[in-house]
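So the chains spell out like this:
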Amino acid sequence: MDVRVRYAPSPTGLQHIGGVRTALFNYFFAKSQGGKFILRVEDTDQERYSDESLQDLYDTFKWLDIHWDEGPDVGGEFAPYVQSERQAIYQEYAQKLIDDGMAYYCYCSSERLQQLREQQVASKSSTQGYDRACRDLTAEQRAEYEKQGILPVIRLKVPEKGVTAFDDILLGTIKRQNSDISPDPVIMKSDGMPTYHLANVIDDHFMKITHILRAQEWIPSGPLHVIMYKAFGWEPPIYCHLPMVMGKDGQKLSKRHGSTSLRDFIKDGYLPEAIINYVTMVGWSYDDSREFFTKEDLEQLFSIEKINKAPGVFDYKKLQWFNGQYIRQKSDSQLAELVLPYLQDAGFVSNPTTDKQNQILFQLIPIVKERLRLLSDIVAVSEFLFKGPKEYEAELLIPKKKQASDAAAIIASLKSSILPIFDMSDSDAEAYIVEEISNQGFKTGDYLMVLRVALTGSTVSPPIVESIKIFGKEKSLAALDVAENKILSLI
RNA sequence: GUCUCCUUCGUCUAGAGGUUAGGACUCCGGAUUUUCAUUCCGGCAACAGGGGUUCAAUUCCCCUAGGAGAUGCCA
């Protein structure tokens, strides 16, 4: 069988990480089977549609470097791939359902429906949903409503008796009493647009989709779709309902758990490699040990059988760990390029950069590379180089178990002994300073910590000898003067 | 309320009748290191509960409990 799968997002918001994962599972499944991956834009909700969302969809997958074989932008045999451009088909098939007695017009107002729902909830009614008031309207009644100018919706006539079942590769057979299926859902809205249920069945059929991989939240509408396939006399595709992605508290992953839109992850400084790798590991595994996979690996190795059934909690910590791993795999020049926008946003360097700034960047990358988990971490670790030491208390200069006078002595020594290192290589500079320290009888740790605090205003920094050279002679001496004044005020 | 799905360390997971229940993240130690980070070693930590089936259940079946999802003119 030639596998054909689709990702069918609705452009009503920014691409959610959960949606991205669904897309990835579809994509990897298609690739691993030598099949086709199709993008279909489900823009049937006129109210919530936005151009920005549509653009975000394209931006997201471009950033991930994931491409579809057929879609609105690349075309394909079954175009158009945008549902709003396929209205005629939906109209035709909705009409067919009506002609066959499988669907009917409904004139109920949304006010009445809402009231009905509220009552059902309040009374804890055992049946919840539409009361099928219009299911058996006579021609006269319909004519009366039409005369009032009410625009009807079309509802599917769900059988009241019997059972509907479908097979899921992962979950096995899923059975449901017809009486438990959502009573007569709307398949065509009063604005002439289809709802998801109708549109996806028709499109999946005509686009020859073979497998549907979608989130488990869709399970309840499975039987509904099967009823429609039967009504049309079509063969349903193979279903595979994917486990959902949850937040730490076990609820559906949402904004309050952290970033959820891919756009936010990008802004936070995640790499596409890390996102792709981590996100597919939530709900899928290869074996008992391997967990690093490139996109290309996954295109080969992905398999539906290894998908987990249980929902997975999205662990931001582990994602960060993956990200750090991938950052360390970058070459210095790649990383410089990746990190540059964050430096520019922080106002540390100009856009475009000057030669001098490039020079600093070039020296900076190797000493911060293994200190980054997110690209955006670059701002915190390099701030002192661009902005100077941050405000600090004089006490911070005093080494552990030492006096202010000890710190003063170190600073005095520092002011002269650092002078020669600006013309040396990093390793020479380090050797020189270490020897200076022992010659003068100081403790290396104490000595360098005083230097660190004076230069950065913090006890944490990248290697300080390398840092001081990037910082420059002028600024270093100025910082030492400031430190000296601070410490003298304590004596 | 009803229906459906799910249930191995805190988290992601391996396991598919017989294992000291394995790995990873997190956390805690230790080593390396001028701090932090990296790296390397080590440690804590799990089969939801109860019944069956079986010589033998984490693994198969049933029940209970817990969790989630659906119940829209949203997808």
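Along each chain, the written sequence defines residue order, and numbers are assigned to residues from 1. Chains and ligands are labelled sequentially in the order written, the chains with letters from A and the ligands with numbers from 1. Reporting of local features is limited, given that this is a predicted model, to residues whose pLDDT is at least 70; pairs of side-chain atoms are given and counted only at 80 or more, and all residues count toward the totals for whole chains, interfaces and linings. Side-chain figures throughout are based on the complete set of non-hydrogen atoms in the structure, without hydrogens or water.

Peer 1: How should the packing of helix α13 (residues 355-368) against helix α18 (residues 464-471) be read in this particular structure?
Peer 2: Axis definition: a line fitted to C-alpha atoms, over the contacting stretch in the case of helices. Angles run 0 to 180 degrees between N-to-C directions. Numbering of helices and strands runs from the N terminus, with a helix taken as a DSSP run of H or I at least four residues long and a strand as a DSSP run of E at least two residues long. Two numbers describe how α13 lies on α18: the axes approach to 10 Å, and their chain directions differ by 170 degrees. With respect to their mutual orientation, α13 and α18 come out roughly antiparallel. In this structure, α13 meets α18 at a crossing whose hand is left-handed. Taking contact as the criterion, the partners of Ile 360, Gln 363, Leu 364 and Ile 367 in α13 are, on α18, Glu 466, Ser 467 and Ile 470. Here is the rule for angles: anything less than 35 degrees is roughly parallel, anything more than 145 is roughly antiparallel, 65 through 115 is roughly perpendicular, and the remaining ranges are oblique. With the far helix as reference, a near helix turned anticlockwise by less than a right angle produces a left-handed crossing, and one turned clockwise produces a right-handed crossing. Only heavy atoms enter the contact rule, under which two residues are in contact if any of them lie within 4.5 Å.

Peer 1: Whenever I open this one, a positive patch on the surface confuses me. Can you help?
Peer 2: Together, Lys 248, Lys 317, Arg 328 and Arg 373 give the surface a local cluster of positive charge. Relative to the helices and strands, Arg 373 resides in the loop between α13 and α14 (377-387). Patches draw on residues past 30% relative accessible area with no salt bridge. Two like charges within 9 Å are joined, as are two nonpolar side chains (Val, Leu, Ile, Met, Phe, Trp, Tyr) within 5 Å. The Shrake-Rupley method, run with a 1.4 Å probe, gives the accessible areas here. Residue values count only the displayed protein chains as cover. Any carboxyl oxygen of Asp or Glu that lies within 4 Å of a side-chain nitrogen of Lys or Arg is treated as forming a salt bridge with it. Counted as positive: Lys and Arg. Counted as negative: Asp and Glu, with His and the chain ends omitted from the count. A charge is said to be at NZ when it belongs to Lys, at CZ for Arg, at CG for Asp and at CD for Glu.

Peer 1: Could you clarify how one ought to interpret the protein's contact with RNA strand B in this entry?
Peer 2: Close to RNA strand B lie 68 residues; Gln 251, Gly 283, Glu 370, Arg 371 and Ser 461 are nearest. Think of it this way: one heavy atom of a residue within 4 Å of a molecule or strand is enough to make that residue near it. The protein-proximal atoms of RNA strand B, defined as those within 4 Å of the protein, are 72% sugar or phosphate. A distance of 2.7 Å separates a sugar or linking oxygen of RNA strand B from a polar atom in the side chain of Glu 42. Between RNA strand B and Lys 318, the relevant distance is 2.9 Å, taken from a sugar or linking oxygen to a side-chain nitrogen or oxygen of the residue. Mapped onto the surface near RNA strand B, the elements with two or more residues apiece are β4 (153-156), β6 (172-177), β11 (312-313), α11 (316-329), α17 (444-456) and α18. With five residues, the top contributor of residues to the surface near RNA strand B is α11. Pairs of N or O atoms are called polar contacts if they sit within 3.5 Å, as long as, within protein, a hydrogen donor faces a hydrogen acceptor (for residues adjacent in sequence, only side-chain-to-side-chain pairs).

Peer 1: I would appreciate a short explanation of the domain arrangement of chain A in the present structure.
Peer 2: Interface size is commonly expressed as the accessible area that is lost once the parts come together. Note that the domain bounds reflect an automated or database-derived domain assignment. Segmentation of chain A into domains returns domain 1 (4-83 + 246-316), domain 2 (86-242), domain 3 (331-387) and domain 4 (394-488). For domain 2 versus domain 3, the separation of C-alpha centres amounts to 55 Å.

Peer 1: Sorry if this is basic, but what is going on with helix α2 (residues 51-64) here?
Peer 2: Counting along an α-helix, one turn takes 3.6 residues, and residues three or four places apart therefore face a common direction. Taking 1.5 Å as the rise per residue, α2 with 14 residues should run 20 Å; its terminal C-alpha atoms sit 20 Å apart, in good agreement. We call a residue buried when its accessible area falls under 20% of the maximum for its residue type, exposed when it is over 50%, and partly exposed in between, using a 1.4 Å probe and counting protein chains only. Listed as buried for α2 are Ser 53, Asp 56, Leu 57, Tyr 58, Thr 60, Phe 61 and Leu 64. The secondary structure elements touched by the buried residues of α2 are β1 (4-7), α1 (17-32), β2 (36-39), α8 (262-268), α9 (272-281) and α10 (295-301). Phi turns positive, to about 65 degrees, at Asp 65, one or two residues after α2. To estimate how far a helix should reach, multiply one less than its number of residues by 1.5 Å.

Peer 1: What's the story with a nonpolar patch on the surface in this structure? I'm lost.
Peer 2: On the surface, Met 1, Ile 169 and Ile 238 cluster together to form a nonpolar patch covering roughly 300 Å² of accessible area. Along the chain, Met 1 falls in the segment before β1. Judged by relative accessible area, Met 1 falls into the exposed class, the value being 69%.

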